[in-house]
Amino acid sequence: PDNKEIMVNSYDNSILYTDMILDSLISLIKQENAVSYLMYLSDHGENLYDDSRMRFLHPPSEPTKYVAHIPFFIWTSPDYNSAYPQKTKELHNHLNSPISSGDVFETLLDMANITYPKANLNESISSDKFQNSKQEILGGDMKIYNFKNLH
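The notes below deal with the structure included here. (Residues numbered from 1 in each chain as written. Predicted model: local features only at pLDDT ≥ 70, side-chain atom pairs only at ≥ 80, totals over all residues. Heavy atoms only, no water.)

1. Side note on the environment of serine 100
Phase 1: Relative to the elements of secondary structure, serine 100 occurs in the loop between α4 (85-93) and α5 (104-111).
Phase 2: In the structure, serine 100 is positioned 20 residues away from tyrosine 80 in sequence and 23 Å away in space, judged by C-alpha atoms.
Phase 3: Setting aside its immediate chain neighbours within four residues, serine 100 contacts Ser133 and Gln135. (Helix = DSSP H or I, 4+ residues; strand = E, 2+ residues; numbered from the N terminus. Contact = heavy atoms within 4.5 Å.)

Below is the structure:
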């Protein structure tokens, strides 16, 4: 389409703005010199005319790999690393593991050292009990898709 460059540039600018906000948050947290971490993940990616299908934004039907592959990271303070060296080690151990946004709840609690009777550390990437995620996504058509099968 005629406006492809403008649309891609607009999306890229939104990512740059998000990066600036996250950098600002990390800078503020660092000033506290506290046991702390910051977790970020996007709720979805976008189609940006990435292939011959020429899709744009996120579709109301079957998702694409461009929509399902999202940014996700965890920053930990030096004090956090000292207080929880095993959790930090496990985060590094699972750096290239298949993970899913479904792992966020258990990871947030585990990293905060919060436990509860039915905790499932198989879903915490900061745990040595973590098991690779199925990486499934709910499409706009209300069907569940496996990330590995998306195009």
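Let us keep going from here.
2. Details of the layout of surface pockets
Phase 1: Its volume calculated, the largest pocket comes out at about 930 Å³.
Phase 2: Around the largest pocket sit 35 residues that line it, and Ile70, Phe72, Ile99, Ser100 and Ser101 are the ones nearest its centre.
Phase 3: Taken together, the elements giving at least two residues each to the lining of the largest pocket come down to α2 (65-68), β4 (72-76), α4 and β5 (136-138).
Phase 4: The element that contributes the greatest number of residues to the lining of the largest pocket is β4, accounting for 5 residues.
Phase 5: Of the residues contributing to the lining of the largest pocket, the split by class is 18 nonpolar, 15 polar and 2 charged. (1 Å grid on protein atoms, 1.4 Å probe; cavity = no way out; pocket = protein on both sides within 12 Å on 5 of 7 lines; lining within 4 Å. Points joined across faces, edges and corners; volume = space filled by probe spheres on them. Nonpolar A, V, L, I, M, F, W, Y, C, P; charged D, E, K, R; others polar.)

3. Some details on the packing of aromatic side chains
Phase 1: Here the structure, examined in full by the defined rule, presents 5 aromatic pairs.
Phase 2: Measuring from centroid to centroid gives 5.0 Å for tyrosine 49 and phenylalanine 56, while their planes differ by 10°, and the two rings are stacked.
Phase 3: Phenylalanine 56 gets classed as partly exposed once you look at its relative accessible area, which sits at 27%.
Phase 4: With centroids separated by 6.2 Å and ring planes inclined at 70°, the aromatic side chains of phenylalanine 105 and tyrosine 116 adopt a geometry described as edge-to-face. With phenylalanine 105 in helix α5 and tyrosine 116 in the loop between α5 and β5, the pair connects residues that are 11 residues apart, well separated along the chain.
Phase 5: Through a chain of ring-to-ring contacts, the aromatic side chains of Tyr37, Tyr80 and Tyr84 assemble into a single cluster. (Phe/Tyr/Trp six-rings, centres within 6.5 Å; stacked < 30°, edge-to-face > 60°. Buried < 20%, exposed > 50% of the residue type's maximum accessible area, 1.4 Å probe, protein only.)

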